[in-house]
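Summary of the model geometry
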Amino acid sequence: MTKFKFSHILVLASALVLLSLIIRGRPVDFKDGQTIYNTSPTGPYELSNSIARYIFTKTIVTRQDIFLTYREAKLSAPDVVKFNGRYFSIFPPGVSFLSIPLYMIGSAFQLPQLFAYLTTTLFALLNFYLIYWLSRRLGLSVWAGLLASWVFLFATNALVYANTFTQHHLSTAITLVGLHLIFTKLHFWHLILLGLVTGLGLITDVPNLILISPILIYGFSRSFQEPKLNILKWTGFLVGVIPFLLFFLWYNRTLTGSFFRVPQFVGRVSDSEFAAVKVNPEPTSTPSPKKGLSLPYKPRNFPQGLYVLLFSRERSWFYYSPLMIIGIIGLAMALKQPKIRPIAQISASIITLSLASYAMFGDPWGGWSFGPRYLIPASAITSIFVGIALERYHRNYYFTVLFFIGLIYSVYVSSLGALTSAAIPPKQEARLLPDPIPYTYKYNQNLLSQSQVGSAIYNLYLGRFIPATTFHLIFTVLALICPVYFVLARWKANSHETKHS
Amino acid sequence: MKQNIAKLNISPLRIAFIALSAISIYFFIFFYLNRLGLAYNDARSHLDIGRRVVEGLKPGLAQLGSVWLPLTHLLMAPTIWNDFMWHSGLSGSIQSMIAFVATGILIYKFLERLKVDLFSRLIGVAVFAVNLNVLYLQSTAMTELMLLATMTAGCYKLLVWHQTDDTLELIQSAFWIMLSTLIRYDGWFLLFIATILVSLRTWTKKNYTTAEGTTILFCSMGGLGIALWLLWNQLIFKDALYFAFGPFSARAQQAQLADAGVLATKGDLALSAKIYFYALMYNSYTLPAVLGLIGLIVLLADRSVTLSTKLASLTLLAPLAFNILALYMGHSVLFVQGLSGNTWFNVRYGVMLMPSIAIFLGFLVHKAGYLRWTVVGLTAFVLFFSLANQDAVTIDDARVGSSQKNVSEVAGYLQRHASDQKGFILISAASHDAIIFTSGLPMKRFIHEGTGAYWLSAVTAPDRWARWIVMRTYDDNDMTWKTVSRTPGFTKYRLVDHYPFADIYELDSQFFPLLQTEPVFGQQK
């Protein structure tokens, strides 16, 4: 098996360079210490969930508070909750809290937004490494491992969300770390770490608990099968998770008055809350939350959700990242290999649970977004199995050709989103707009042809020299060089092995 | 698992029986207490039909009518005389509840015949038993669960016959299918499919003569119910096909819908399939249906399962073909919210494949190997949320769709004004059975189409027979309006109240002395 060499560092450097090209920013976004919140398409504030989390970070740092002022709430709308006359973010606080250090560093340079958003980019890079690491643990060669990582970061919509202020890359990292940990010997400190990532998952996005549940169930079941893995060791897990759990309970209680009522259960403020002219006078009392159990996942939504996530032109996995089909083939192959079967089983559970939960979610589109953003953790895991399929079939020319066709298309689509906008409306909303816009990546193509690019480097420097479409083409080609190199290297290694044998 | 249960000296089947019974009773009480048990308009009509057999101005078997097949109404007869059993709906629910338990047991037995392990068998039973749509329908006086039980029993016995070649099993299969033909027309289609299978199997395995004899034997028992139904229609309505072409037939109702332009599925196979698939998905919560489909494919591809067993298992798909064909041919109507406007109607038909889904899913769990826990976990995940969110499309169908009728206002008027006053109420049972039921008044207070001489007299001279008339004004589909509004006696009535589903007219008090308030015709034939 090939060892890690200097050329591999070059690969990492290439990934870094490409990621730097997608960092968002236009001249207006850098003015006045980044205090102008321009929410137009292609900018860093185009996604409401990004700006809402960012404002929350700013509130924590500048005012040391978790409640928002009217102005902050207005900027964060519609991802804001109003309860007992006070405003707060609808999202769990994980991303906002984790980005505090970089926000503070960025503030020193008058670039708080740029640095805060880098938190996500760093997690994207971490995921790149984690996928490589897991691939190697599954017995893949360095090239196949790097290819799996590359596929995730550049051939899925993970690229688009690598410079947004959203939870997806953090959730992905949590899942991947959990997956890695559960297949170790599970020492006490491993379990503490597992508890920590579970807790972090909880405060980042509650559905992370669903994603990580197969990992925990499998780990716990190992306690009954392996004499050395004493069930008492799981106190380590509790040590890790309890601080986060207590923080989460305190956070909920402070905001909503109940330990177990997360802000999402209270619901967003009404559309008219921040309207210039209010239709109704402001209510004097807050309506009490609905009685009875009402969980966000409704099986009634399943048929539509499954269609949207798997087959629709609006968001589907297979439309935006057809390479994932190869990943599913790889997963099926992995299930047949006894050595890696457990990890394949857990991966299958996470992928299908992710799909099932968001198919039942009322908004499988994820609002205005690019591709199936909720499936980014599932894409990460599936990418590992793309590596397995490629390792198995790399000598098959038909397969390789199909792989490259899928790769070129997927990279082209993902880079469109990353370089322009991550805010594509669902079909229904797109058609109801005063000026209807496309509800697929055709919208991004339109933006590109109008030279509306989000890349800070392009907007500040390169835009003077090359048109936007050329920039996108260059980016796509650059993003394809590494995978081509990986496959060629694998072929070379293969022919080398054949000669020696 | 089997060993652990064996240690307890209790058979798994008995545990399943106890669990199914407990679930059944719990959910009946649950839906009884929240008053959803009688939300379906049809449930109230079924109970009224059963009640009219034993009580009313003209009780007797003729009250079974021709609108619906008679078995479930006949089975109500021993209990429906009791007011509590009638008005609680228990007289109808109790057979649904027994059918629920029986279907669960049959799923278990079917999977046992497919050599599925105990755990997977129990998962199959659980998929059926924790489906809230099934649980709701088993708590009501609807016919679905009885149909599921008899059809599944017929399929199960057919499978046993395929595997053992025991003629007694074939006769039992025919018997259960015969019962299903007396519940809903889905059973007729099953009989047709099963007959083809029986003929083909015997012909290919033995010879033509044996096939002929076996088919005749099977059809003699299986077709007995249909023959009796035709005979019944001939004797009572003087037309063997009255149920199919009569004024109250499904065909007549569908014709009205077609005239109104809402029978979109007629002649459109793709739309029929789409509508039914959506109903199926909503009733099964989608994932079990998807996994069940995979299970079916695995079953058909499994070399260890004999072709005969595979063919016998395919009878479980008869409801799928029947419902799509019925929609396509315009014999059935099904509205799915979002596809057929903003309403539901008959969406419960999607529940017909639940035993099949449970069986195929159980088989998948057995064969899933390394993905067994993934399949079980995913199914449990989806079913948990269906229960936690009380997501039941059948309840929506009953409460807010076209199947519901909030007749409490008009029934309340009758209760307040007629319960302690003498006099008959003239009403069309075909249009307003729900009002009759909800009023809480004895059946003998009502003159309806099934009361023979009372009805004929009342629609000719209403002022001599009916103190109150309940009908939809200006609607000729309402038999009472169609006949009474043209009589001179109708001028002696005044409109006393007006409601969304019906208006109430009361005879002017000056004509009370001439009004007949007691039954006078005695025993009518």
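None of these values were measured; they are calculated from a predicted model. (Residues numbered from 1 in each chain as written. Chains lettered and ligands numbered in written order. Predicted model: local features only at pLDDT ≥ 70, side-chain atom pairs only at ≥ 80, totals over all residues.)

Residue position: Thr254 of chain A is located in helix 11 (residues 235-256). In this structure the C-alpha to C-alpha distance between Thr254 of chain A and Ile66 of chain A, which are 188 residues apart in sequence, comes to 8.9 Å. (Helix = DSSP H or I, 4+ residues; strand = E, 2+ residues; numbered from the N terminus.)

Residue and element names in this part refer to chain B. Taken residue by residue, helix 25 (residues 453-460) has Tyr454, Trp455, Ala458 and Val459 as its buried positions. Buried residues along helix 25 cover an arc of 115 degrees about the axis, so they all sit on one side. Tucked inside the fold, the buried residues of helix 25 contact strand 1 (424-427), strand 2 (446-447), helix 26 (462-465), strand 3 (466-471) and helix 27 (479-484). (Buried ≥ 20, exposed ≤ 12 C-beta atoms within 10 Å, placed from the backbone. Arc of directions from axis to C-beta. Contact = placed C-beta atoms within 7 Å.)

Turning our eyes to something else, we now look at the interface of chain B and chain A. Counting residues at the interface gives 19 residues for chain B and 19 residues for chain A. Breaking the side of chain B that touches chain A down by element, the ones donating at least two residues are helix 16 (269-284) and helix 21 (372-388) of chain B. The element that contributes the greatest number of residues to the side of chain B that touches chain A is helix 21 of chain B, accounting for 8 residues. Taken together, the residues of the side of chain B that touches chain A sort by class into 13 nonpolar, 5 polar and 1 charged. (Nonpolar A, V, L, I, M, F, W, Y, C, P; charged D, E, K, R; others polar.)

Attention now goes to the packing of helix 7 (residues 142-155) of chain A against helix 17 (residues 376-393) of chain A. Residue and element names in this part refer to chain A. At their nearest, the axes of helix 7 and helix 17 sit 8 Å apart, and the two run at 140 degrees to each other. In terms of their interaxial angle, helix 7 and helix 17 are classed as oblique. Between helix 7 and helix 17 lies a crossing whose hand is right-handed. The segment helix 7 lies against helix 17, with Ala144, Gly145, Leu147, Ala148, Val151 and Phe152 engaging Ser379, Ala380, Ser383, Ile384, Val386, Gly387, Leu390 and Glu391. Looking at the contact of helix 7 with helix 17, its residues break down into 9 nonpolar, 4 polar and 1 charged. (Axes fitted to C-alpha atoms, helices over the stretch in contact; angles between N-to-C directions. Parallel < 35°, antiparallel > 145°, perpendicular 65-115°, else oblique. Left-handed = near helix turned anticlockwise from the far one by under 90°.)

The next point concerns the domain arrangement of chain B. All names here are of chain B. Here chain B is partitioned into domain 1 (2-399) and domain 2 (408-514). Put simply, the middle of domain 1 and the middle of domain 2, counted by C-alpha atoms, are 37 Å apart. If you look at the interface, domain 1 gives 15 residues, while domain 2 gives 16 residues. The greatest single-element share of the side of domain 1 that touches domain 2, amounting to 7 residues, is contributed by helix 3 (residues 41-54). Partitioning the side of domain 1 that touches domain 2 into residue classes produces 3 nonpolar, 6 polar and 6 charged. (Domains from an automatic or database assignment.)

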